[in-house]
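Read off the chains here:
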Amino acid sequence: MIVLDPIGREQARELARRELEKPIYHRDEPSWAERTWRRFADWLNELLHRASDPGGQQHGNGWLSLVVILLIVGLVIALVAWLMRGRRNPSADRDGLFAGEPEATALDLRVTAERHAAAGRWPEAIRARLLAVARDLEERAVVEPRPGRTADELAREAGAALPGLAGEFRAAVRVFDDVWYGDRPGGPDGYALLTALDEHVRATRPQPLEPVGAEEGARW
């Protein structure tokens, strides 16, 4: 016959505690996040209840509750605005490519772009390289010089003049929009894409635009 030693009170309590700590007994309990959210919801509901009648004595601190609610609303609005910052439509409120830029040749703009790239200023480098592409096309009369031209307009006009590079123009403009209007940091990959487009454009020999009135003059 096996004789078992009696279990003391403290030992029995410890065994019970260990048993109750097993996950099988806690599967249906709310998670930490759920408990936190419930406590916050209860607290907020109490604030709303008090703020519904700031002057009522039964609620107490009603005005303070109203101020706290207004602060919470303000913080939520500020958070949403911060999260949406940089996600606005890049097509909105944009100026022409050369807006505010001094007159410069394509060569000057390439030098500026390389200087920005060497310093790690990628948004400025990408913009300067796109400006160099636009200026090169204007200098060779592939597109008509137009100060208010936007990047999207450049992609459409240049893509029509150089169909083989239309896809590259669209990709380059997307990179430009991301860093210049979308507050993206940019980087060497984006700049390399603009540089490749610039080199491909320079290697083309497109038909220049017909001067205005040239067709009428030929008839005579």
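What you see is a predicted model; the values in this text were computed from it and never measured. (Residues numbered from 1 in each chain as written. Predicted model: local features only at pLDDT ≥ 70, side-chain atom pairs only at ≥ 80, totals over all residues. Heavy atoms only, no water.)

**With respect to the overall build of the protein chain**
Helix and strand counts for the protein chain come out as 9 helices and 0 strands. Mapped in sequence order, the helices and strands of the protein chain form the string α-α-α-α-α-α-α-α-α. Taken across its 220 residues, the protein chain has 30% of its residues classed as buried. A total of about 15500 Å² of accessible surface is found on the protein chain, and carbon and sulfur atoms cover 58% of it. (Helix = DSSP H or I, 4+ residues; strand = E, 2+ residues; numbered from the N terminus. Buried < 20%, exposed > 50% of the residue type's maximum accessible area, 1.4 Å probe, protein only. Areas by Shrake-Rupley, 256 points an atom, 1.4 Å probe, with all protein chains shown as cover.)

**Some details on the packing of aromatic side chains**
By convention here, two paired aromatic rings are described through the distance between centres and the angle between planes. This structure, assessed with the given rule, holds 3 aromatic pairs. Relative to Trp180, the ring of Phe176 lies with its centre 6.4 Å away and its plane at 15 degrees, an arrangement referred to as stacked. In this pair, Phe176 and Trp180 are both assigned in helix 7 (residues 166-180), 4 residues apart and thus about one turn of the helix distant. Under the relative-accessibility criterion, Trp180 is labelled partly exposed at 33%. Centre to centre, the rings of Phe176 and Tyr181 are 5.8 Å apart; their planes meet at 85 degrees, and the pair counts as edge-to-face. Accessibility classification places Phe176 together with Tyr181 in one group, the buried group. An aromatic cluster of at least three residues, connected via ring pairs, comprises Phe176, Trp180 and Tyr181. (Phe/Tyr/Trp six-rings, centres within 6.5 Å; stacked < 30°, edge-to-face > 60°.)

**Quick look at the nonpolar core**
By size, the foremost hydrophobic cluster in this structure holds 34 residues, and its most contacted members are Leu97, Leu137 and Phe169. Sorting elements by how many residues they give to this core places helix 5 (residues 122-139) first, with 10 residues. (Core = buried A, V, L, I, M, F, W, Y, C linked by side-chain atoms within 4.5 Å.)

**With respect to helix 7**
For helix 7, with 15 residues, the first-to-last C-alpha span of 21 Å sits near the 21 Å given by 1.5 Å per residue. What helix 7 keeps buried is the set Ala166, Phe169, Ala171, Ala172, Val173, Val175, Phe176, Asp177 and Val179. Contacts from the buried residues of helix 7 go to helix 5, helix 6 (151-161) and helix 8 (188-203). (Expected span 1.5 Å × (residues − 1). Contact = heavy atoms within 4.5 Å.)

**Examining the packing of helix 7 against helix 8**
Contact geometry of helix 7 with helix 8 gives a least axis separation of 10 Å together with a crossing angle of 145 degrees. Note on packing geometry: the crossing formed by helix 7 with helix 8 is left-handed. On the side of helix 7, the interface is formed by Glu168, Phe169, Ala171, Ala172 and Val175, while helix 8 contributes Gly190, Leu193, Leu194, Ala196, Leu197, His200 and Val201. Across the contact of helix 7 with helix 8, the residue classes break down as 9 nonpolar, 2 polar and 1 charged. (Axes fitted to C-alpha atoms, helices over the stretch in contact; angles between N-to-C directions. Left-handed = near helix turned anticlockwise from the far one by under 90°. Nonpolar A, V, L, I, M, F, W, Y, C, P; charged D, E, K, R; others polar.)

**Focus on the confidence of the model for the protein chain**
For the protein chain, per-residue confidence averages 77 on the pLDDT scale, and residues scoring 70 or more make up 65% of the total. The low-confidence segment residues 86-93 (pLDDT under 50) makes 7 contacts with residues lying over four places distant or belonging to another chain. Low pLDDT (under 50) marks residues 212-220, which in the prediction has 0 contacts with non-local residues, meaning those over four places away or in another chain. (pLDDT = per-residue confidence, 0-100.)

**A short note on the environment of Leu48**
Mapped onto the elements of the fold, Leu48 is located in helix 2 (residues 32-51). Leu48 sits 20 residues away from Val68 along the chain, and the two C-alpha atoms are 9.8 Å apart.

**Focus on the packing of helix 6 against helix 7**
Following both chains from N to C, one finds helix 6 and helix 7 inclined at 170 degrees, their axes separated by 9 Å at the closest point. When the interaxial angle is binned, helix 6 and helix 7 end up roughly antiparallel. Within the contact between the two elements, helix 6 uses Ala151, Asp152, Ala155, Ala158 and Gly159 and helix 7 uses Ala166, Phe169, Arg170, Val173, Phe176 and Asp177. Partitioned by chemical class, the residues of the contact of helix 6 with helix 7 number 7 nonpolar, 1 polar and 3 charged. (Parallel < 35°, antiparallel > 145°, perpendicular 65-115°, else oblique.)

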